[in-house]
Amino acid sequence: MATMQDVARAAGVSAMTVSNVINGHPKVSEATREKVLQAMARLDYRVNVSARNLRKGRTGTIGLAVPEVDSPYYGRLAAAIIAAAAPRGLRVAIEQTYALRDSELEALALSRNRLYDGLILSTVGMGPQDTEWLTMDHPVVILGERIFGGPVDHVAMPNVEASRAATLHLLERGCRRVAFVSGTVGEEVDVSSLRHTGYRQALEEAGLPQDPELHRRLTAFSMAEGARCARDMVESGLDFDGVFCVTDTVAMGVLRGLADAGVRVPEQVKVMGFDDVPESGFLVPSLSTVDPDHDTMAERAVSLLVRRIERTGARPEPEEFVSRFTVVARESTGGPA
């Protein structure tokens, strides 16, 4: 069985650096962290969880609370978090909140009772007004867009910048009437409002007018709703040559709805998603999308949680981490440049 010293030799670092990576120490560079994790995987190194937990009074289990367990995006996110937790000797217990505020608050309140060492919570129902609920001693990391300036670590996507780039990609491919398909955009900060901001910025940058008829609102981020929306746009006679969808799941439905209506993609209408879920590359046509770097988000969320689990002394200052992104051009917008 490989030891920590074996990993240190294979990675060309000290045993202390290996320990810092395992325990999520924030001072380790990304390049060093990646080198150590690769050495751990290559040597099949496993943390002695039983001994460590017995010594420190922990269970070796962290919680992950997400709105849906059966959606492509949250399935991809959960897999990435499980992969990031495994080298640290942690197991992940997953629970579903149904995007309801009360369920998210319950996940927070009960995470210690469920014997989790810490909780990663993807928030949809909670908002800035719930910040006081995050003032707790139990380790918590928030994923998503709804909490800003709270007392816990926060891992988010670059929603505005990535949506601006996605819309510009459609415009660069010749689109001039780009529909934006999302949920309701109100005053609260959420995924729809942030991605709508990026969409508007791209139109302004290109000197194009904003037509309210091109903003189509869904009652759910589902394939069925995306398909219904696409059919409605065609049947209503709406003039559009591009569609930017708030998620890949919605975009899959839009592709189906356009096909049902006899509209060819990308020849007549180009379609763009967001999330780069694995299914996106296997559709016909394959779906252009935004890759928000799920693996880095998961790695950072687990790292920040472990830092709080392992802390001794003063509580670390909250950290806000925003991932990188890549526009992935596939067949639905005409293929790679």
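The following refers to the structure shown. Everything numeric here is computed off the predicted structure, so don't read it as measured data. (Residues numbered from 1 in each chain as written. Predicted model: local features only at pLDDT ≥ 70, side-chain atom pairs only at ≥ 80, totals over all residues. Heavy atoms only, no water.)

**So, the overall build of the chain**
Selection criterion: Numbered from the N terminus, helices here are DSSP runs of H or I no shorter than four residues, and strands are runs of E no shorter than two. Throughout, radius of gyration means the C-alpha value; the globule benchmark is 2.2 Å times the number of residues raised to the power 0.38. Only protein chains enter the accessibility calculation, which uses a 1.4 Å probe; a residue is then buried when its area is under 20% of its type maximum, exposed when over 50%, and partly exposed in between. Between two residues, a contact is recorded if the distance between any of their heavy atoms is within 4.5 Å. Areas reported here follow the Shrake-Rupley algorithm with a probe of radius 1.4 Å; residue values treat only the protein chains shown as occluding. When charges are counted, neither His nor the chain ends are considered; positive counts come from Lys and Arg and negative counts from Asp and Glu. Here the site of a charge means atom NZ of a Lys, CZ of an Arg, CG of an Asp or CD of a Glu.
In terms of regular secondary structure, the chain is built from 11 helices and 12 strands. For a compact globule of 337 residues, the expected C-alpha radius of gyration is about 20 Å, and the chain comes in at 22 Å, within 12% of that figure. Judged by the C-alpha coordinates and their principal axes, the chain covers about 70 × 40 × 35 Å. By residue count, 53% of the 337 residues in the chain fall in the buried class. The contacts of the chain with a sequence gap of at least 6 include a subset with a gap of at least 24, amounting to 70%. Accessible surface for the chain amounts to roughly 15,100 Å². Of this, 52% is attributable to carbon and sulfur atoms. In the chain, 37 side chains carry a positive charge and 45 a negative one; their mean positions are 7 Å apart.

**Notes on the packing of aromatic side chains**
Stated precisely, the cut-off is as follows: Note on ring pairs: Phe, Tyr and Trp rings are taken, using the six-membered ring of Trp, and paired if centres are within 6.5 Å. Classes follow the plane angle, with under 30 degrees stacked, over 60 edge-to-face and the rest tilted. Put simply, a charge is over a ring when the Lys NZ or the Arg CZ is close to the ring centre, within 6 Å, and near the line of the ring normal, within 35 degrees.
For the structure shown, the criterion picks out three aromatic pairs. Aromatic side chains tyrosine 73 and tyrosine 74 sit 4.8 Å apart centroid to centroid with 70° between the ring planes, which places their arrangement in the edge-to-face category. The pair formed by tyrosine 73 and tyrosine 74 is uniform in burial state, with each residue classed as buried. A ring pair is formed by phenylalanine 180 and tyrosine 199, whose centres lie 5.1 Å apart and whose planes are at 20°; its orientation type is stacked. Here phenylalanine 180, found in strand β6 (residues 178-182), pairs with tyrosine 199, found in helix α8 (residues 191-205); they are 19 residues apart in sequence, far enough to count as distant. Taken individually, phenylalanine 180 and tyrosine 199 each receive the classification buried, so the pair is uniform in this respect. Within the aromatic cluster, the residues linked to one another by ring pairs are Phe180, Tyr199 and Phe244. One residue, arginine 195, lies across the ring of phenylalanine 274, its end atom 3.6 Å from the ring centre.

**A look at the sheet that holds strand β7 (residues 215-217)**
Rule in force here: Paired strands, as defined in this entry, are two strands with at least two bridges between them according to DSSP. Note on geometry: axes are lines fitted to C-alpha atoms, helical ones only across the stretch in contact, with angles between N-to-C directions running from 0 to 180 degrees.
Taken in spatial order, the four strands make up an open sheet running β7-β6-β8-β9, and their pairing is parallel. Because the sheet does not close on itself, it has two edges, and the strands there are β7 and β9 (270-272). The average angle at which neighbouring strand axes cross in this sheet is 20°, direction not considered.

**As for helix α3 (residues 30-43)**
Quick note on the threshold: One less than the number of residues in a helix, times 1.5 Å, gives the span that helix is expected to have. The directions from the helix axis to the C-beta atoms form the arc being described.
Compared with an ideal rise of 1.5 Å per residue, which puts 14 residues at 20 Å, α3 spans 20 Å between its outermost C-alpha atoms and is within 8% of the ideal. Among all positions of α3, only Arg33, Val36, Leu37, Ala39 and Met40 are buried. Viewed along the axis of α3, the buried residues span an arc of 160°, placing them on a single side of the element. Projecting away from the buried face of α3 at angles above 90 degrees are the exposed residues Ala31, Ala41 and Arg42. Contacts from the buried residues of α3 go to α1 (4-11), α2 (15-22) and α11 (294-310). A positive phi of about 55° marks aspartate 44, the residue just after α3.

**Some remarks on the environment of valine 246**
The residue valine 246 is located in the loop between β8 (242-245) and α10 (248-260) in this model. By relative accessible area, which is 0% here, valine 246 ends up buried. Here the alpha-carbon distance between valine 246 and serine 192, two residues 54 residues apart in the chain, equals 6.7 Å. If near-sequence neighbours (up to four positions away) are discounted, valine 246 is found in contact with Val181, Ser182, Val191, Ser192, Arg195, Phe221 and Phe274.

**Details of the sheet that holds strand β1 (residues 61-66)**
Spatially, the six strands line up as an open sheet ordered β2-β1-β3-β4-β5-β11, and their pairing is parallel. In the strand order of this sheet, the two ends are held by β2 (91-96) and β11 (320-322), each with one partner. The average angle at which neighbouring strand axes cross in this sheet is 20°, direction not considered. Judged from the three bridges that link them, strand β4 (residues 140-143) and strand β5 (residues 153-156) form a sheet pairing that is parallel.

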